[in-house]
Structures are given as C-alpha cells and as structure tokens.
Amino acid sequence: MNSTVELKHHKTGDAQQVRPCVLIVDDEPANLKLLGQLLAPEGYEVQVARSGEQAMKLLRERLPNIMLLDVVMEGMSGYDVCREVRDCEDMRALPIILVTGARPEEEKAHGLDAGADEFLTKPVVREDLLARARALLRVDAMHRQMRDWNHQLEDRVAEQVREMQKLDQLRNFLPTHVADLVAEGDQSLLSPRRRKITGCFLDLQGFMEFAETAEPEEVMEVLGDYYQAVGDLAEKAGGTVEHFEGSGISLLFNAPMKMDNHEAAAVQFLMDLHDDAEELINTWEECGYELRLQLGAATGYASVGVLGFGGRSQYCANGAVMTLARKVCGKSEDGQVVVDEKTLDAIASLYRTESLGEHQLKGFSRPVQLTIVSEKA
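Small disclaimer: the values here were computed from a predicted structure and weren't measured. (Residues numbered from 1 in each chain as written. Predicted model: local features only at pLDDT ≥ 70, side-chain atom pairs only at ≥ 80, totals over all residues. Heavy atoms only, no water.)

Right, let's get into the confidence of the model for the chain. Regions with low pLDDT should not have their predicted coordinates read in detail. Looking at the chain as a whole, the pLDDT averages 87, with 87% of positions reaching at least 70. Element-level mean pLDDT values for the chain span from 36 in strand S1 (residues 9-12) up to 97 in strand S13 (residues 337-339). In the model, residues 1-16 has pLDDT below 50 throughout and makes 32 contacts with residues more than four positions away in sequence or in other chains. (pLDDT = per-residue confidence, 0-100. Helix = DSSP H or I, 4+ residues; strand = E, 2+ residues; numbered from the N terminus. Contact = heavy atoms within 4.5 Å.)

Below you can see the structure in the form of structure tokens.
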C-alpha cells in the first residue's frame, strides 16, 4: 500500500504552490457539491467519494491530507471507514473530520471510539469547516514531518547496519585497526599495489595422518583451537591473515599497512606462536594426536590487494614470495622457525640463527639458502 501523498501542483506566476488535498465522502451528491464549493476557493484540491467502499479504494491509491467523512451512508458507514483507516498502518495518521447529523452528541461519542479527530454538525457552517481544516492541516504536516524523520532515521540505521556488516567482513581478513580505517573511508588501503612483504606460512606436521583416522568432530576441534591461537596472535602482531585451508595458514606483514622492519615483525610472530602453541601441542599429545607446528617465512615483492567475485572477496598477495614461504615452511621440523635469505638479512643481528644450507625447492630454478631462527641474540 502506497502511503506517499502525491500532492499536485498549480502555478501562480513563476512560483509553484502545493495544494492540500481533501477527500470528501458522502452518498448525497448535493452534500459533496456544497462541501467542495466551500473548500475549493480556499485553495484545497477536492476529491470525492460516494461510498465508504469507494473512499477506501481512493485512499489506497493516494493518501489525502484530510478526509471529510459523513456518518450515515449505505454500505460502509462513516464509523466503518474510520475503523478501517485506523487499522491500516499506512493510513492511521490521516486526519478525519466526521460530519454528524440528527444526533450529534451520540454520533460524536461513536466517532471518537471509531477514531475521528474532529466533528462538524449539519448543516455545515463555512467558518467551522475552514477552521477545523486548517487545524488538521497543521496536524497532518506534523505527522508527515515525523514520518520523514522516521524514514531518515531508518535509512541512517540501515546504512549503519550495512557499515557494521561491511566492517565485520573486513575483520575476517584484516587486523581490526586496518578494518576500522577502511570502514571510515580509507578504501585506498585495499587497492592493488606492488609491495615488498614478508609472507608467513604455518602448517601442522602430521595433520593428514591425523585427519585420516580421527573423527570429523575431533578434526574440527583441533582446527578451531589452532585457528584461534593463530588469529589472536596475528591481531596483536599486526599481521594480515591471507588464507587458511585445512592446517595451512598464510599471513602477510607490511600489507595493507606499512610496517617498520616487517621481516622482524613476521619472525617475532612466528617465535611467539611457537611459544604460545606449546600448551596446545601438549593438550593434543594427551589426546593421542601427534601434531607439530611447521613455521616458515620468506621476503619479496608481491602484488597485494582485494580480489574476489560477487559478494565474496579477500585481501591477498600474488607473487612467488608466498609460494616460497610455503616451501620454506615445509622444511621446518617440530616447531622450528625457518626463513629464506632475504628475511635473514633483515633480522640476522636480532636473533640466533643456524644455517640449513641450500635447498632445491620444487618450483624454483635456483637453490634457496635456508636458516633456522631461534631465540633473540
């Protein structure tokens, strides 16, 4: 049902003026003519209905500013029309003047009960009609203003809900402080760009064997605890979780927000994860799960930004550095933090290290120098 009033306009000189609309409902043509002649010269647009049923049809097509309603009509009475209007959410604020006849006091009591706002007694006096019409126009204007404010408020709330949903989606793959910046309007952080990053890859050694024999619920519980531990620590370290699949998780440092010495931040994240995961690994051991962390990092250039389709997207890095981080991780044993040579160059003075020598990694044409990083120097 359309509750929007489609007020017509007429031109006066160069200006446009809005004419308030009055719907007159009466089954006597003479009464319709008389009331229309009283209102039209005062600038009102007049609509007429010769029955309650016709009035309801007109109201559903277009809502006037005021309705002038006779009590006694064939079919639907004025009371019936009043009650139906008040039962309809889109119409219930419509100002109604009820025109009473032979028993005005009794009809006014019934009219108040049905929902009428004002009353006129036949024969209608012009000054009374115009005074009540002006008063109810002010009421109608107030209701319309309140309705507009409500619509504006609903729009603002809906927009805030959309922004909150958008922020929740961003927090799925961005640190909270970055997601907050993007939600505030800094979309440039997510645009594709070339950036030197340190990529981290984490995995659980022995996971495939565990998943093959364990119950699905056990696998989900292990992954849930594992993801939670990684996510909490990544949030503190400022890392961006790029992707997780099974037991493999990839993270970025220095994207989308730039970081001072991102190599050291990435390595420290891996070192902290090694320490924090000790309790988790002990719990798994008590359950008979033989799982160990594998931790690797590599540094290089990548194209970073948001990619996706439809309503799904994620912040990711495209470049050989992420593949290298995965391969480096594969050389980790029992929680060792293993890094490539570029990462080592940036953190060598900060940590104790042990060379693993050169390794020919699948997919790379040249051997890669690998190093184990232990406690701080």
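Here the narrative resumes.
A cluster of nonpolar side chains, namely Met142, Met146 and Trp149, defines an oily patch on the protein surface of about 340 Å² accessible area. Its relative accessible area of 40% is what places Met146 among the partly exposed residues. (Patch = residues over 30% accessible without salt bridge, like charges linked within 9 Å, V, L, I, M, F, W, Y side chains within 5 Å. Areas by Shrake-Rupley, 256 points an atom, 1.4 Å probe, with all protein chains shown as cover. Salt bridge = Lys/Arg side-chain N within 4 Å of Asp/Glu carboxyl O. Buried < 20%, exposed > 50% of the residue type's maximum accessible area, 1.4 Å probe, protein only.)

So, about helix H9 (residues 262-286). The end-to-end C-alpha separation of H9 is 36 Å, in line with the 36 Å expected for 25 residues at 1.5 Å each. Taken as a whole, H9 carries its principal kink of about 40° at Glu278. Phi turns positive, to about 85°, at Gly288, one or two residues after H9. (Expected span 1.5 Å × (residues − 1). Bend = angle between axes of the 7 residues up to and from the residue.)

Here we take up unusual backbone geometry. Going from Lys122 to Pro123, the amide bond is cis rather than trans, its omega being -5°. Omega for the peptide link from Ala255 to Pro256 comes to 0°, which places this bond in the cis form. Here the phi dihedral of Asn254 falls at roughly 85°; this positive angle occurs in a residue that is not glycine. Backbone geometry places Asp334, a non-glycine residue, at a positive phi of 50°. By secondary structure assignment, the location of Asp334 is in the loop between helix H10 (320-329) and S13.

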